[in-house]
Protein chains: 2
Amino acid sequence: MFFNLQEEEKKMWQDNIRKVTPYTPGEQPKDKDVIKLNTNESPYPPSPMVQEVVRSVENNRNRLYPDPEAAVLTDAIAKYYNVDSNQVFVGVGSDDVIGMSFLTFFNSEKPILFPDITYSFYDVWADLFKIKYEMKPLNEKFEIVKEDYLVENGGIIFPNPNAPTAVEMQLDDIEYIIKNNRDSVVIIDEAYADFGDVSVLGLVNKYENLLVVRTYSKSRALAGMRIGYAIGSKTLISALKAVKFSYNSYTMNYVSICAGAAAINDDKYFKEIVSKVINTREKAKDTLKKLGFFFTDSKTNFLFATHKSVPAEEIFEELKKRKIYVRYFNKPRINNYLRITIGTDEEMEKLYEALKEIVK
Amino acid sequence: MFFNLQEEEKKMWQDNIRKVTPYTPGEQPKDKDVIKLNTNESPYPPSPMVQEVVRSVENNRNRLYPDPEAAVLTDAIAKYYNVDSNQVFVGVGSDDVIGMSFLTFFNSEKPILFPDITYSFYDVWADLFKIKYEMKPLNEKFEIVKEDYLVENGGIIFPNPNAPTAVEMQLDDIEYIIKNNRDSVVIIDEAYADFGDVSVLGLVNKYENLLVVRTYSKSRALAGMRIGYAIGSKTLISALKAVKFSYNSYTMNYVSICAGAAAINDDKYFKEIVSKVINTREKAKDTLKKLGFFFTDSKTNFLFATHKSVPAEEIFEELKKRKIYVRYFNKPRINNYLRITIGTDEEMEKLYEALKEIVK
């Protein structure tokens, strides 16, 4: 054994490297021919106003640090939702905003609660920040059971509509959870809410402990810019800002601050692309039903579907061979489902053609 | 007491909000007349190639998530420094890169070591991630004492040149520390190294446990874009990537990836603006000496100066009245010093005029 001592000593610093479970994000293929229905991006470009503002950024401005408060963006979001600017917090995508929220609000000894089938980063952030958690199983219809959230807890988070299930919870049911959890911060992740019928944004001035998180990556077609935001009471937002500024003041770059403001100001364009996605989604439901698929009643920009006879994994692989990428999660309860992003009508036609071949 | 119970109950969720020490970043005044020598930005704009690439970004590309590996940027940096692409890690400013490095490498029960006077975020990140630390005092000349770093530790980090002292450590002395710490990860934060004479980049293939961190915010005039990077062994870089991807895959936006590659490819422009800053700095040393200032032999883009008779805080306030912003830290040992960023020659002339009035 001893002859190898030096070799072993050399590696001692490696013992202190953090052990992590690697995460595989949805593929970002370089091949331009691929039909990309795997990461819930918008099939339409961002508002032309975004292009205009990006092109007009003065090069000399980039030598300076961005405004740490991102006031131009924060003010635009506040105006759009008719809340005060100090009720808005912005970050580098909603992942950044939610991660920061975990760090800021979930510091109890009691476990935080979220569904067993939900956004895959909640348990990752909880582990990262050493936050205890309990996962509450969705029912057979993939619905959140509101009564499960009446137990003692250190905080609550779930998306509405939920992902990857695409199921939307009704406003009364969410308010029931918030009303019965006045001692915890309740975070509703509304990443997909623009494609649905329900939002709790109207409740932020009623419940001081409610935080709503949103993203520019789906409905606003700006996944490439990394912009997310949270809306809540002044108390929640000032706590988020204090934590953020205490350890990393400058995160959103100048270009994204300007682009984010431009995008939210172009409401006409936004409504247009969102309604196109919704129309395509409803047509997709009809077509997939005829092809023998079952799915939840999606209120998002994707379908969560299973086929009556062909295994999901097989469909996933066959579609990939045909250069159509969708998402498959090899996880308990959902390993016979596909998450299919709604593309343009042309992309969806190609999907249907391919599916006809595969499930025939 | 009891009549107030409901009020108190309502606030219980606030008990779980993280308590932090607020940090005040250097002011970003909106007034364009201000001479801004307070946050160590470049007085010159970024390369014109940056403007070109920002303007040429296809709007439709922004609807897609950015490449999580940021390969275009990583490859450009690797090529520039003649290392492999898998020896480069990029992030949203060097704060992001260093924070991620703390999380990845500093997981020992032994304390990490850094100087008592140094970049103000090291202890913040250590507290945030519950990492033990010991601060080693600089000597009377504000130099790092290499022998202090030979004790058992869970990691070492310091900037070279150090900030806000501007003092550069010699290559042999740094290598002495690395050589005697083969069981720890040693991070050298070279935020200002482009303005000095020393870099440990040449040692990354000799010491597998050495990580060098750099930023685009100073010498590359891109503080507004938020770009930082680390160079080290493949083992270190793959560990950083694993941790990053495990909890936040997409952070650098598409525009900044392109801008960063463009900036590093324009080496001629980069060398030109760096040498202009160095020339102005050396002239500033002559002038400030004549005005009765003492300072370290700066190898950065700022001076760390004290006056023989007028208190630093007074000079700071007087300069501010004249719309010249510099930085003053009200901290032990350095509370009679000013950190003065090197501006353009014109800006520095105005500084000298103001100082002549103030210290006369």
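Residues numbered from 1 in each chain as written. Chains lettered and ligands numbered in written order. Predicted model: local features only at pLDDT ≥ 70, side-chain atom pairs only at ≥ 80, totals over all residues. Heavy atoms only, no water.

**Overview of the overall build of chain A**
Filter applied, for reference: Helical segments are the DSSP runs of H or I of at least four residues, strand segments are the runs of E of at least two, and each set is numbered from the N terminus. The globule rule used here is 2.2 Å times the number of residues to the 0.38 power, and the radius of gyration it is set against is calculated over C-alpha atoms. Buried means the residue's accessible area, taken with a 1.4 Å probe over protein chains only, is under 20% of the maximum for its type, while exposed means over 50%, and partly exposed covers the values in between.
Within chain A one finds 11 helices and 13 strands. Taken against the 2.2 N^0.38 rule, which gives 21 Å for 360 residues, the C-alpha radius of gyration of chain A at 22 Å falls within 12% of a compact globule. Dimensions along the principal axes, computed over C-alpha positions, put chain A at roughly 70 × 60 × 50 Å. Here chain A holds 360 residues, and the buried ones make up 61% of them.

**What about the sheet that holds strand β12 (residues 327-328) of chain B?**
Residues and elements named next belong to chain B. We count it as follows: Pairs of strands are assigned from DSSP output, requiring at least two bridges between the strands.
Read across the sheet, four strands follow the order β9-β10-β13-β12 without closing on themselves; strand pairing throughout is antiparallel. At either end of the open sheet lies a strand with only one pairing partner, and these are β9 (293-295) and β12. As paired elements, β12 and strand β13 (residues 338-341) share two bridges and run antiparallel to each other. Pairing of R327 across the sheet is with R339, part of β13.

**So, the UniProt feature "modified residue: N6-(pyridoxal phosphate)lysine" (unreviewed entry) in chain A**
Rules: UniProt positions are given in the numbering used here, feature names are shortened, and annotations may be inferred rather than shown by experiment. By definition, residues are in contact when any of their heavy atoms lie within 4.5 Å.
UniProt records the feature "modified residue: N6-(pyridoxal phosphate)lysine" (unreviewed entry) for K218 of chain A in the present numbering. Looking at the secondary structure, you find K218 of chain A in the loop between β7 (210-215) and β8 (228-232). Classification of K218 of chain A as buried rests on a relative accessible area of 8%. K218 of chain A has contacts with T39, N40, S42, A191, Y192, F195 and N301 of chain A together with Y65 of chain B, leaving out every residue within four places of it along the chain.

**Concerning the side chain of E41 of chain B**
This is how it is decided: Polar contacts, as counted here, are pairs of nitrogen or oxygen atoms within 3.5 Å of one another; within protein the pair requires one atom able to donate a hydrogen and one able to accept it, and residues that are adjacent in sequence qualify only if both atoms are side-chain atoms.
Positionally, E41 of chain B belongs in the loop between β1 (35-36) and α2 (48-55). Here the side chain of E41 of chain B touches Y65 of chain A through a polar contact of 2.8 Å, landing on its backbone nitrogen.

**Some words on the environment of E58 of chain A**
Residues and elements named next belong to chain A. Mapped onto the elements of the fold, E58 is located in the loop between α2 (48-55) and α3 (71-81). In this structure E58 comes out as partly exposed when scored by relative accessible area, which is 47%. In this structure the C-alpha to C-alpha distance between E58 and G155, which are 97 residues apart in sequence, comes to 43 Å.

**What to know about the relation of the copies chain A and chain B**
For clarity, the cut-off: Alignment of the copies relies on least squares applied to C-alpha atoms, considering only residues that score at least 70 for pLDDT in both.
At an RMSD of 0.0 Å, chain A and chain B line up after a rotation of 180 degrees and a shift of 0.0 Å along the axis. A rotation of that kind, with that shift, is consistent with a two-fold axis. Considering only C-alpha atoms, the part of chain A nearest the rotation axis is R55 of chain A, at 2.3 Å. A share of 100% of interface residues in chain A that are also interface residues in chain B marks the association as one of identical surfaces.

**A few points about the packing of α2 of chain B against helix α8 (residues 254-265) of chain B**
Residue and element names in this part refer to chain B. Heads up, the condition is: Every angle, taken between N-to-C directions, lies between 0 and 180 degrees, and every axis is a line fitted to C-alpha atoms, over only the stretch in contact when it is a helix. Each angle is binned into one of four classes, with values under 35 degrees roughly parallel, values over 145 roughly antiparallel, values of 65 to 115 roughly perpendicular, and all other values oblique. Left-handed describes a crossing whose near helix is turned anticlockwise from the far helix through less than a right angle; right-handed describes the clockwise counterpart.
Packing of α2 against α8 leaves a shortest axis separation of 8 Å and a crossing angle of 150 degrees. The angle between the axes of α2 and α8 places the two elements in the roughly antiparallel class. Crossing angle aside, the handedness with which α2 passes α8 is right-handed. Contacts between α2 and α8 pair M49, V50, V53 and V54 from the former with V255, C258, A259, A262 and A263 from the latter.

**Let's talk about the domain arrangement of chain A**
All names here are of chain A. Inclusion rule: The start and end points of each domain follow an automatic or database-based domain assignment. The term buried area refers to how much accessible surface (probe radius 1.4 Å) is lost by two components on association, counted for both of them together. What makes a salt bridge here is a side-chain nitrogen of Lys or Arg within 4 Å of a carboxyl oxygen of Asp or Glu, nothing more.
Domain boundaries in chain A define domain 1 (26-46 + 268-359) and domain 2 (48-265). Counting from both sides, the interface comprises 28 residues of domain 1 and, opposite them, 31 residues of domain 2. Interface area for domain 1 against domain 2, summed over the two sides, is near 2,200 Å², with a carbon-plus-sulfur share of 65%. Our count for the contact surface shared by domain 1 and domain 2 stands at two salt bridges. Salt-bridge contacts for R333 lead to D116; the nearest nitrogen and oxygen are separated by 2.9 Å. At the junction of domain 1 and domain 2, the tally comes to nine residue pairs in polar contact (both at pLDDT 80 or more).

**Examining the UniProt feature "domain: Aminotransferase class I/classII large" (unreviewed entry) in chain A**
Per the UniProt entry, the sites bearing "domain: Aminotransferase class I/classII large" (unreviewed entry) are residues 32-355 of chain A in this numbering. Helix makes up 37% of residues 32-355 of chain A and strand 15%, with an end-to-end C-alpha separation of 21 Å.

**Concerning the side chain of T74 of chain A**
Note on placement: T74 of chain A falls in helix α3. In this structure T74 of chain A touches E69, S85, V88 and V90 of chain A, once residues within four positions along its chain are discounted.

**Regarding the packing of aromatic side chains**
In plain terms, the rule: Pairing of aromatic side chains here covers Phe, Tyr and the six-membered ring of Trp, requires ring centres within 6.5 Å, and sorts the geometry by plane angle: under 30 degrees stacked, over 60 edge-to-face, intermediate tilted. The rule is short: NZ of Lys or CZ of Arg within 6 Å of the ring centre and within 35 degrees of the ring normal puts a charge over the ring.
A complete count under the given rule lists 38 aromatic pairs over all chains for this structure. Both rings, one in Y216 of chain A and one in Y229 of chain A, keep their centres 5.9 Å apart while their planes meet at 75 degrees; by these two values the pair is edge-to-face. In this pair, Y216 of chain A sits in the loop between β7 and β8 while Y229 of chain A sits in strand β8, placing the two residues 13 residues apart along the sequence. Sitting above the plane of the F270 of chain B ring, R220 of chain B keeps its charged end 3.8 Å from the centroid.

**Some remarks on the interface of chain A and chain B**
Going by this rule: When residues are grouped by polarity, Ala, Val, Leu, Ile, Met, Phe, Trp, Tyr, Cys and Pro land in nonpolar, Asp, Glu, Lys and Arg in charged, and all others, Gly among them, in polar.
Each side of the interface is counted separately: chain A has 84 residues, and chain B has 84 residues. Contact with chain B buries area across many residues of chain A, yet W13, R63 and Y65 of chain A alone supply 12% of it, more than any other trio. If you look at where chain A meets chain B, you find zero salt bridges. At the junction of chain A with chain B, the criterion picks out 36 residue pairs in polar contact (both at pLDDT 80 or more). At the level of secondary structure, the elements contributing two or more residues to the side of chain A that touches chain B comprise α1 (5-10), α2, α4 (93-105), α5 (122-128), α7 (234-247) and α8 (254-265) of chain A. Ranked by residue count, the leading element in the side of chain A that touches chain B is α7 of chain A, at eight residues. For the side of chain A that touches chain B, a count of residues per class yields 41 nonpolar, 26 polar and 17 charged.

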